[in-house]
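So you can see what is in the structure, the chains are spelled out below.
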Amino acid sequence: MTESTAGPAARTRPARPRAVLSVLSREQLSPHTVRITAGGPGFEALRMNEFTDKYAKIIFADAGVTRTYTLRRADPAGQQVTIDFVVHGDAGIAAPWAARAEAGDVLTMSGAGGAYRPDPDCDWHLFAGDESALPAICAALEALPADARGLAYLETSDPGEYLDAKPPSGVEISWLHRPEPGRKPGLLAEALLAGPWPAGRADVFAHGERESMKAIRRALKSRLRDGDQVSLSGYWAAGRTEDVFQSEKREPIGKV
Ligand SMILES: Cc1cc2nc3c(=O)[nH]c(=O)nc-3n(C[C@H](O)[C@H](O)[C@H](O)COP(=O)(O)OP(=O)(O)OC[C@H]3O[C@@H](n4cnc5c(N)ncnc54)[C@H](O)[C@@H]3O)c2cc1C
């Protein structure tokens, strides 16, 4: 089994150039998700990569902090990025910003990082994640060949949540609902254990709330075989700001 995890750039790396973009539009994708499209010549400061989970660090200059977001779409020709923000209430910096963003607002970021794209040499694909991972999962589903096979377990608060991607017909989508994010950390792992595990090499992409990812890690122990591939990490942690979540990665509680 090989493993890759998306994560923040190592501390020793030189600072990446900052891309200063202008918000072009805000769209309410679902009750708890807002899509921001931003662009402009500042796009040239972003270095694109081939990964479907490519992400950028959004820099909030006033607060001097960063928040990590998947680039759901990046269009070098049009110099535009599209980011889907989970709007999780008034707490935090990024989500409240996205909920109120207007055309012309400045959006500064650096990137892109990334570590995963679906491996065409694997026999099937397993996706598991919550709303925060939906953009990366949708990007991966779009990158799959038409004859790809797989399972996707998607955890959400919104019964009306929809998939902003057309998966191949061989990928079975299961929506799992809970009242609030972070309240049922066993939900994805239980579904995964109760579900089928097709034969052949698996390519696993699992990201979302930290405790939920720990439960998936435990569940996968009885499932994974030699040759399977895994991309598994927390994207956020209940009750933690991103700064605390990132710093805890060096402590036992932060290890997924
Ligand atoms: C590689 C990577 C890619 C990511 N891609 C995306 C993405 O495309 N879209 C996206 O929405 N998020 C994404 N995330 C998660 C996002 O970085 C965090 O949710 C981040 O904490 C949001 O910052 P904030 O300022 O809104 O809240 P913070 O200030 O960090 O936290 C404030 C409070 O809100 C809670 N909180 C944070 N996120 C959530 C959530 N999703 N649901 C409920 N409560 C939450 C925290 O636990 C805390 O109590 C990604 C994370 C990583 C590491």
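How each quantity is defined
- Residues numbered from 1 in each chain as written.
- Predicted model: local features only at pLDDT ≥ 70, side-chain atom pairs only at ≥ 80, totals over all residues.
- Heavy atoms only, no water.
- Buried < 20%, exposed > 50% of the residue type's maximum accessible area, 1.4 Å probe, protein only.
- Helix = DSSP H or I, 4+ residues; strand = E, 2+ residues; numbered from the N terminus.
- Contact = heavy atoms within 4.5 Å.
- Phe/Tyr/Trp six-rings, centres within 6.5 Å; stacked < 30°, edge-to-face > 60°.
- Near = heavy atom within 4 Å.
- Areas by Shrake-Rupley, 256 points an atom, 1.4 Å probe, with all protein chains shown as cover.
- Nonpolar A, V, L, I, M, F, W, Y, C, P; charged D, E, K, R; others polar.
- Domains from an automatic or database assignment.
- Core = buried A, V, L, I, M, F, W, Y, C linked by side-chain atoms within 4.5 Å.
- Salt bridge = Lys/Arg side-chain N within 4 Å of Asp/Glu carboxyl O.
- pLDDT = per-residue confidence, 0-100.

A.B. asks: Would you explain helix α3 (residues 187–194) in this entry?
C.D. replies: Each α-helix turn comprises 3.6 residues. Residues three or four places apart therefore point the same way. Within the sequence span of α3, burial applies to Leu 187, Leu 188, Ala 189, Ala 191 and Leu 192. Elements that come into contact with the buried residues of α3 comprise β9 (124–129), β10 (149–156), β11 (170–177) and α4 (210–221).

A.B. asks: What exactly am I supposed to notice about the packing of aromatic side chains here?
C.D. replies: Any aromatic ring pair is given by two values, namely how distant the centres are and how the planes are angled relative to each other. For the coordinates displayed, the defined rule picks out five aromatic pairs. Judged by centre distance (4.9 Å) and plane angle (90°), the rings of Trp 124 and Trp 197 are edge-to-face. Of the two residues, Trp 124 sits in strand β9 while Trp 197 sits in the loop between α3 and β12 (202–209), which places them 73 residues apart along the sequence. Grouping aromatic residues by their ring pairs yields a cluster made of Phe 60, Tyr 69, Phe 85 and Trp 97.

A.B. asks: What's the story with the site of the ligand in this structure? I'm lost.
C.D. replies: Neighbouring the ligand are 25 residues, the closest being Arg 67, Thr 68, Val 86, Ile 93 and Glu 242. Calculation on the ligand without its partners gives an accessible area of 910 Å², and the protein chains cover 93% of this total. Elements with a contribution of two residues or more to the shell around the ligand: β5 (65–70), β7 (80–86), α1 (94–100) and β13 (229–236). Looking at the shell around the ligand residue by residue, the class counts come to 14 nonpolar, seven polar and four charged. Looking at which domains feed residues into the shell around the ligand, each of domain 1 (9–113) and domain 2 (124–254) gives three or more.

A.B. asks: How should I be thinking about the nonpolar core in this particular structure?
C.D. replies: Here is a general trend for soluble globular proteins: nonpolar side chains tend to be buried in one another's company. By size, the foremost hydrophobic cluster in this structure holds 26 residues, and its most contacted members are Phe 85, Trp 97 and Met 109. Within the residue set of this core, elements represented by two or more residues are β2 (19–30), β3 (33–39), β4 (55–60), β5, β7, α1 and β8 (106–113). Not counting the four nearest positions on each side in its chain, Trp 97 is found in contact with Val 23, Ile 36, Phe 60, Phe 85, Val 106 and Leu 107. Listed in part, the 23 residues of the second largest apolar core include Leu 188, Trp 197, Ala 215 and Val 230.

A.B. asks: Which parts of the structure should I look at to understand the pattern of salt bridges?
C.D. replies: Should their charged atoms come close, side chains of opposite charge can pair. Following the criterion strictly, the structure yields 15 salt bridges and no others. In this structure, Arg 73 and Glu 142 form a salt bridge, with 3.7 Å as the shortest nitrogen-oxygen distance. Here Arg 73 is found in strand β6 (residues 73–75), whereas its partner Glu 142 is found in helix α2 (residues 134–143), with 69 residues between them in sequence. For Glu 142, a relative accessible area of 41% corresponds to the partly exposed category. Taken together, the shared-partner salt bridges connect Arg 35, Arg 72, Arg 73, Asp 84, Glu 142 and Asp 164 into one network.

A.B. asks: Please explain the confidence of the model for the protein as it appears in this structure.
C.D. replies: A low pLDDT means the predicted coordinates there should not be read in detail. Here the protein averages 93 in pLDDT, and 94% of its residues register 70 or above. Segment residues 6–10 is flagged for pLDDT under 50; beyond a separation of four residues in sequence, or across chains, it makes 11 contacts in the model.

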